[in-house]
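Observations on the model geometry
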Amino acid sequence: MIHSISVLGSTGSIGRQSLAAAERLGIRVTALAARRDVGLLEEQIRRVRPAYAAIYDPKAAAALRIAVGDLDVEIGEGMEGLRRAATVDCEAVVTAVSGSVGLRPTLDAIAAGKRICLANKETLVCAGTIVMKAAAEKGAQIVPVDSEHSAIFQCLEGRREQLHKILLTGSGGPFRGWTRAETAAVTPEQAVRHPNWNMGAKISVDSATMMNKGLEFIEAMHLFGVTPDDIQVVIHPQSVIHSMVELVDGTVLAQLAVPDMGLPIQYAMTWSERTVSPYERLDFWRMRDLTFEEPDLEKTPCLALAMDCARRGGVAPAVMSAANEAAVALFLAGRIGYNDIYDRVAAAVARTPAAADPTLEDILAADAEARRWAGQTIISP
Ligand code: MG
């Protein structure tokens, strides 16, 4: 159990739930960081009274400084502010920012010996080898917040060396079974409406395309030190089982709970203890059938692409993730179609030369170029 945290991405879905969990658990919040929502960040600063707060968008920083001018809080901005929020006086950092912007702050927090409550999957997708090596060298604990990885983490506690295979479950999203022709006209409003989980816009679109499962596939490889062949994706539409592990003797352990992100958030904060939570309990007398399917990789090309990038390694996962961020942003803004997301991301990966053992600088450069290229409204070579 930790006693103080910094929350990066505090105005997003996971960030807001992290603050609620911290308040409930009596954990002090020493820093907050957000992208640009001055109104909500001000409200949060007034409520939790952190010593430090950062806003990523420099244009919003002046407004925030005026808004909280009466309070004793230091305000930072830009990447520098975000990195500072990751290293303030605290035991753990919740990395709930969306996208690869979370990479450097996470590495800073690891270098400062903080526990990472990891909610930013792009960090491991882009630079998993570098991040896990840094954590091992520093002895920094990385406790996953993503529900699937939290489930795997919980199933593996005390039995890492008995692992045979990870069974990564996914609901299949709102368009499970749809063909490319059927998804062509999908609107942002349809794509952000997930049947089981209530999440932010970017991750909801990723769940619809199943890029989210692909990102989680790569995240799991790094987090648990396994190869792509050690991970099997299982479609489980009810989202009751959050993932499973198969042990060497064939025993399968699963973690089940209601689909509420509050639970894995709380567990990352209370680990290695457990405390009472306010969430609904599973009722096995009323539960509908739990069903399982093989993913249809023809109908989920983003998942197939991610599994391919996982095998390629190098900068391929970073390029894929950055291009996906750019393409999803364009889709949410109504500037490209739903199927264009996959087309752009696949083309961005295809035009990037392979690079073995990239440095952090190589990864960030490939990320920036992929983001620029995939973020153009009209693609020019
Ligand atoms: Mg997940």
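Cut-off values and rules
Residues numbered from 1 in each chain as written. Predicted model: local features only at pLDDT ≥ 70, side-chain atom pairs only at ≥ 80, totals over all residues. Heavy atoms only, no water. Pairing = 2+ DSSP bridges. Helix = DSSP H or I, 4+ residues; strand = E, 2+ residues; numbered from the N terminus. Axes fitted to C-alpha atoms, helices over the stretch in contact; angles between N-to-C directions. Contact = heavy atoms within 4.5 Å. Salt bridge = Lys/Arg side-chain N within 4 Å of Asp/Glu carboxyl O. Buried < 20%, exposed > 50% of the residue type's maximum accessible area, 1.4 Å probe, protein only. Core = buried A, V, L, I, M, F, W, Y, C linked by side-chain atoms within 4.5 Å. Domains from an automatic or database assignment. Buried area = accessible area lost by both parts, 1.4 Å probe. Polar contact = N/O pair within 3.5 Å; in protein donor to acceptor, adjacent residues only side chain to side chain.

**Section: the sheet that holds strand 6 (residues 115-118)**
Sheet architecture is open: seven strands sit in the order 4-3-2-1-5-6-7, paired in parallel fashion. The open sheet is flanked by strand 4 (74-77) and strand 7 (142-144), the only strands paired with a single partner. Pairs of neighbouring strands in the sheet enclose a mean axial angle of 20°, with direction left out of account. Bridge analysis of strand 1 (residues 4-8) against strand 5 (residues 92-95) gives four bridges, and the strand direction is parallel. Residue pairing for strand 5: Ile5 is matched across the bridge by Ala92. Against the sheet, helix 2 (residues 38-48) touches strand 2 (28-34), strand 3 (52-55) and strand 4, its axis set at about 170° to strand 2. This element, helix 3 (residues 58-67), spans strand 3 and strand 4 of the sheet and lies at about 165° to strand 4.

**Some details on the pattern of salt bridges**
Applying the stated criterion across every chain yields a total of 24 salt bridges. Residue Lys121 is joined to Glu216 by a salt bridge in which the shortest nitrogen-to-oxygen separation is 3.0 Å. Separated by 95 residues along the polypeptide, Lys121 in helix 6 (residues 121-138) and Glu216 in helix 11 (residues 211-224) bring together distant segments of the chain. Judged on exposure class, the residue Lys121 and its partner Glu216 are both buried. Three or more residues joined by partner-sharing salt bridges are found here, namely Lys121, Asp146, Glu148, Lys213 and Glu216.

**Comments concerning the nonpolar core**
Where a protein is soluble and globular, its nonpolar side chains tend to be buried together. Formed by 124 residues in total, the largest nonpolar core has its most connected members in Ile5, Ile45, Phe224, Met269 and Met320. It is helix 14 (residues 316-332) that provides the largest number of residues to this core, a total of 11 residues. Residues from two domains meet in this core; each of domain 1 (4-144) and domain 2 (149-312) gives at least three. Once residues lying within four places of it in the same chain are set aside, the contact partners of Ile45 are Leu32, Pro50, Ala53, Leu64, Val68, Leu71, Val73 and Ile75.

**Observations concerning the environment of Asp89**
Mapping Asp89 onto the fold places it in the loop between helix 4 (78-85) and strand 5. When sequence neighbours within four positions are dropped, the list of residues in contact with Asp89 reads Thr30 and Lys114.

**Let's talk about the domain arrangement of the protein chain**
Considered domain by domain, the protein chain is made up of domain 1 (4-144) and domain 2 (149-312). Centre-to-centre, using C-alpha coordinates, domain 1 lies 25 Å away from domain 2. The interface of domain 1 with domain 2 comprises 26 residues on the first partner and 28 residues on the second. Approximately 2200 Å² of surface area, both sides summed, lies buried where domain 1 meets domain 2, with 68% of it carried by carbon and sulfur atoms. Counting across the interface, domain 1 meets domain 2 through two salt bridges. In this structure, Lys202 and Glu122 form a salt bridge, with 2.8 Å as the shortest nitrogen-oxygen distance. Run the count over domain 1 and domain 2 and you get seven residue pairs in polar contact (both at pLDDT 80 or more). Within the residue set of the side of domain 1 that touches domain 2, elements represented by two or more residues are helix 1 (13-25), strand 6, helix 6 and strand 7. With eight residues, the single largest contributor to the side of domain 1 that touches domain 2 is helix 1.

**A few points about the environment of Lys59**
Checked against the element boundaries, Lys59 lands in helix 3. For the pair Lys59 and Asn212, spaced 153 residues apart in the sequence, the C-alpha separation amounts to 31 Å.

**Examining the side chain of His149**
Relative to the helices and strands, His149 resides in helix 7 (residues 147-155). Given the relative accessible area of 0%, His149 is considered buried. When neighbours within four sequence positions are excluded, His149 is seen to be in contact with Pro144, Glu216, Glu219, Ala220, Leu223 and Phe224.

**Some remarks on unusual backbone geometry**
In most cases, non-glycine residues show a negative phi, while peptide bonds are predominantly trans. That bond from Trp271 to Ser272 is cis: its omega, 5°, falls within 30 degrees of zero. Secondary-structure assignment places Ser272 in the loop between helix 12 (262-270) and helix 13 (301-312). Its identity is not glycine, yet Ser239 carries a phi of approximately 50°, on the positive side. By the secondary structure assignment, Ser239 is in the loop between strand 9 (231-235) and strand 10 (241-247). Taking relative accessible area as the criterion, Ser239 reaches 6% and is therefore assigned buried. Of note in the backbone geometry, Asp357 takes a positive phi value of approximately 45° without being a glycine. Among the structural elements, Asp357 can be located in the loop between helix 15 (338-350) and helix 16 (360-374). Residue Asp357 is classed as exposed on the basis of its relative accessible area, which comes to 75%.

**Side note on the sheet that holds strand 8 (residues 163-170)**
Taken in spatial order, the four strands line up as 9-8-10-11 in an open sheet, and their pairing is mixed. The open sheet terminates on both sides in strands that have one partner only, identified here as strand 9 and strand 11 (252-256). Averaged over all adjacent pairs, the angle separating strand axes in this sheet is 20°, with direction ignored. Bridge analysis of strand 8 against strand 9 gives five bridges, and the strand direction is parallel. By the bridge assignment for strand 9, Leu167 is matched with Gln232. Across the face of the sheet, helix 11 comes into contact with strand 8 and strand 9 while running at roughly 155° to strand 8.

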